[in-house]
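Architecture and fold: a report
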Amino acid sequence: MSKKTMQKRPILTNEGFGFEWDVTPNYFNKNNSESEDSDKDEDNEPNKKKMRKLNKTQQLEEQKQEELRLRKVEEELTQIETNPQNADHFDRLVLSNPNSSFIWIKYMACHLQATEVEKARATAKRALSIIDTREEQEKLNIWTALLNLENLYGTKESFKQTMDEALRSNDEYQIYIKILDIFAESNKLKELEELITKINRKFRDSLDAYLHCATVYFKLNKSGKARFILQKALSNLPTKLHVTMISRFALVENSDGSPEEAQTLFEHVLTSYPSRIDVWSLYVDMLIKSNRIDLARHALERATIQKLAPKKMKSLFNKWMMLEGKYGTSESVDKVKECMNNYVDLILKNKK
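Residues numbered from 1 in each chain as written. Predicted model: local features only at pLDDT ≥ 70, side-chain atom pairs only at ≥ 80, totals over all residues. Heavy atoms only, no water.

1. Some words on unusual backbone geometry
Rules: Only DSSP runs of H or I with at least four residues qualify as helices, and only runs of E with at least two residues qualify as strands; both kinds are numbered from the N terminus onward. Remark: exposure states derive from per-residue accessible area (1.4 Å probe, protein chains only) relative to the maximum for the residue type, with buried under 20%, exposed over 50%, and partly exposed in between.
Even without glycine at this site, Thr115 takes up a positive phi of about 55 degrees. The residue Thr115 is located in the loop between helix 4 (101–113) and helix 5 (117–130) in this model. On the accessibility criterion, Thr115 (67% relative accessible area) is exposed. One non-glycine residue with positive phi stands out, namely Asn187, at about 60 degrees. Turning to its location among the elements, Asn187 is positioned in the loop between helix 8 (172–185) and helix 9 (189–202).

Structure representation (structure tokens):
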């Protein structure tokens, strides 16, 4: 091929056929390029093998590092769950457990430890807005914590405002009882007595309300006022609830007041209602719990002397047998069996 033929021909532009066309042959350059690339590939083959080996080693190392990182994350999450230390930790916890009042209250306590009262208050309100409305107990726990906060760190106005909101959002009786306990714990006696008067007037037909108020007075070593609550209850409650009221009050008196007074109350009830097996059972259980075994034994002996229905007598004898089996001797057990046999003989004789 001549040099003249090898010269580059003019390029046809888009002014001609609408595209550019370089008709210069390039197969020589193409072959040279392919040859050079082939040589380069052969030269780089050992390097590629080496790189592949290095990449595999690096992958193993990266995998190991990733496992270590995940393990560290798991340990951090476990630590956060068991011992959260700051707001970030608690934010993670409430995100995964939005209905847990326990976590929310710990979050509030975290702010209070840092003397950040406003943040603790905001956390409580945030909890109330997030916790599911069906989780009534969880919400009540938050309201109680918020009332505690306002009682300790707020003003009279902020406490009253929170109390009013709590009463609108919850069962009134539950809120009043929570506030009563808060006043007792903080020893705010004036506010406590005013609230007890209000509770006894507002819930004058509630046996539980009288008992709770009496219990609070006993725990504050105000036994006289607690016993006055009993008298008020008996004057307001229907007659059919009097035995239950006195019996349950006697149990509170025994644990927080005078055991002797409690015993006297039960004796008065049983004198008037000797066939009330439920009262005998409460009385004996109270005596056993107080480690007055002889008195419990004597009470059961008196109870089984009565000529009651077989079903009731069986219950009393079983209770007596259990007492002697745990605290008595073989002789005392034999005595119970003898009394049971005598009762059975009497029943059979009467049937004849």
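The structure having been displayed, the exposition proceeds.
2. As for the packing of aromatic side chains
The cut-off we apply is this: Pairing of aromatic side chains here covers Phe, Tyr and the six-membered ring of Trp, requires ring centres within 6.5 Å, and sorts the geometry by plane angle: under 30 degrees stacked, over 60 edge-to-face, intermediate tilted.
This model, assessed by the stated rule, comprises eight aromatic pairs. A ring pair is formed by Phe159 and Phe183, whose centres lie 5.7 Å apart and whose planes are at 35 degrees; its orientation type is tilted. Of this pair, Phe159 sits in helix 7 (residues 156–169) while Phe183 sits in helix 8, placing them 24 residues apart in sequence. Phe183 shares its class with Phe159; the two are buried. Taken together, the ring pairs connect Phe90, Trp104 and Tyr107 into an aromatic cluster.

3. Some words on the UniProt feature "coiled-coil region" (unreviewed entry) in the protein chain
Applied cut-off: UniProt positions are given in the numbering used here, feature names are shortened, and annotations may be inferred rather than shown by experiment.
According to UniProt, the positions carrying the feature "coiled-coil region" (unreviewed entry) are residues 182–209. When the span residues 182–209 is considered, its composition is 75% helix and 0% strand, and the gap between its end C-alpha atoms is 16 Å.

4. Description of the packing of helix 8 against helix 9
This is how the line gets drawn: Lines fitted to C-alpha atoms define the axes here, with helix axes fitted over just the stretch in contact, and angles between the N-to-C directions of these axes take values from 0 to 180 degrees. Throughout, the term roughly parallel applies to angles under 35 degrees, roughly antiparallel to angles over 145, roughly perpendicular to angles from 65 to 115, and oblique to all others. Crossing handedness is defined as follows: a turn of the near helix away from the far one that is anticlockwise and smaller than a right angle gives a left-handed crossing, while the clockwise case is right-handed. Whether two residues are in contact is decided by their heavy atoms: any pair within 4.5 Å suffices. Any residue that is not Ala, Val, Leu, Ile, Met, Phe, Trp, Tyr, Cys, Pro, Asp, Glu, Lys or Arg is counted as polar, Gly included; the first ten are nonpolar and the last four charged.
The contact between helix 8 and helix 9 brings their axes to 9 Å, and the two run at 155 degrees. Here helix 9 runs roughly antiparallel to helix 8, going by the angle between their axes. As for the relative orientation of helix 8 and helix 9, their crossing is left-handed in sense. Where helix 8 approaches helix 9, its residues Glu172, Tyr176, Ile177, Ile179, Leu180, Phe183 and Ala184 are matched on the opposing element by Glu191, Leu192, Leu195, Ile196, Lys198, Ile199 and Lys202. For the contact of helix 8 with helix 9, the per-class residue count stands at 10 nonpolar, no polar and four charged.

5. Let's talk about the pattern of salt bridges
Here is the rule: Between Lys or Arg on one side and Asp or Glu on the other, a salt bridge is scored when a side-chain nitrogen of the former is within 4 Å of a carboxyl oxygen of the latter.
Using the criterion set out here, one finds 17 salt bridges in the structure. Note that Glu118 is salt-bridged to Arg121, the shortest N-O span being 2.7 Å. Residue Glu118 and its partner Arg121 are located together in helix 5, separated by three residues, close to a single helical turn. You can call Glu118 exposed: its relative accessible area is 53%. Here Glu324 and Arg297 are joined by a salt bridge, their closest N and O atoms 2.5 Å apart. Here Glu324, found in helix 16 (residues 310–327), pairs with Arg297, found in helix 15 (residues 293–305); they are 27 residues apart in sequence, far enough to count as distant. Three or more residues joined by partner-sharing salt bridges are found here, namely Glu118, Arg121 and Glu150.

6. Some points on the side chain of Lys139
Just so we agree on the cut-off: For this count, His and the chain ends are skipped, Lys and Arg are scored as positive, and Asp and Glu as negative.
Assignment of secondary structure puts Lys139 in helix 6 (residues 136–153). The side chain of Lys139 is buried and forms no salt bridge, while Asp132, the nearest opposite charge, is found at 7.8 Å. Beyond its immediate chain neighbours, meaning those up to four positions away, Lys139 contacts Leu128, Ile131, Asp132 and Thr133.

7. Let's talk about the side chain of Ser258
Note on placement: Ser258 falls in the loop between helix 12 (242–256) and helix 13 (259–272). Ignoring anything within four residues of it in the chain, the contact list for Ser258 reads Arg227 and Glu253.

8. Quick notes on the environment of Arg126
With respect to the helices, strands and loops of the structure, Arg126 is situated in helix 5. Taking relative accessible area as the criterion, Arg126 reaches 34% and is therefore assigned partly exposed. In this structure the C-alpha to C-alpha distance between Arg126 and Trp104, which are 22 residues apart in sequence, comes to 9.1 Å. With residues up to four places along the chain from it excluded, the contact list for Arg126 reads Asp91, Val94, Trp104 and Tyr107.

9. Remarks on the nonpolar core
Let me state the cut-off plainly: Here, nonpolar core means buried Ala, Val, Leu, Ile, Met, Phe, Trp, Tyr and Cys residues that are tied together by side-chain atoms lying within 4.5 Å of each other.
Counting 81 residues, the largest nonpolar core has Leu147, Ile179, Leu180, Leu192, Ile199 and Met245 as its most contacted members. With nine residues, the top contributor of residues to this core is helix 10 (residues 207–219).

10. What to know about helix 6
Here is the rule: Multiply 1.5 Å by the residue count of a helix minus one, and that product is the helix's expected span.
In this model helix 6 runs 25 Å from its N-terminal to its C-terminal C-alpha over 18 residues, within 8% of the 26 Å that 1.5 Å per residue would give. Regarding helix 6, the residues found buried are Lys139, Leu140, Ile142, Trp143, Thr144, Ala145, Leu146, Leu147, Leu149, Glu150 and Asn151. Packed against the buried residues of helix 6 are helix 4, helix 5, helix 7 and helix 8.

11. Here's the deal with helix 13
The criterion, for reference: The directions considered for the arc are those from the helix axis to the C-beta atoms.
Along its 14 residues, helix 13 runs 20 Å from first to last C-alpha, staying within 8% of the 20 Å computed at 1.5 Å per residue. Burial in helix 13 covers these residues: Ala262, Leu265, Phe266, Val269 and Leu270. Down the axis of helix 13, the sector holding all buried residues measures 125 degrees, keeping them to one side. Residues of helix 13 that are exposed and point over 90 degrees away from its buried face: Glu260, His268, Thr271 and Ser272. At its buried positions, helix 13 is contacted by helix 11 (223–236), helix 12 and helix 14 (277–289).

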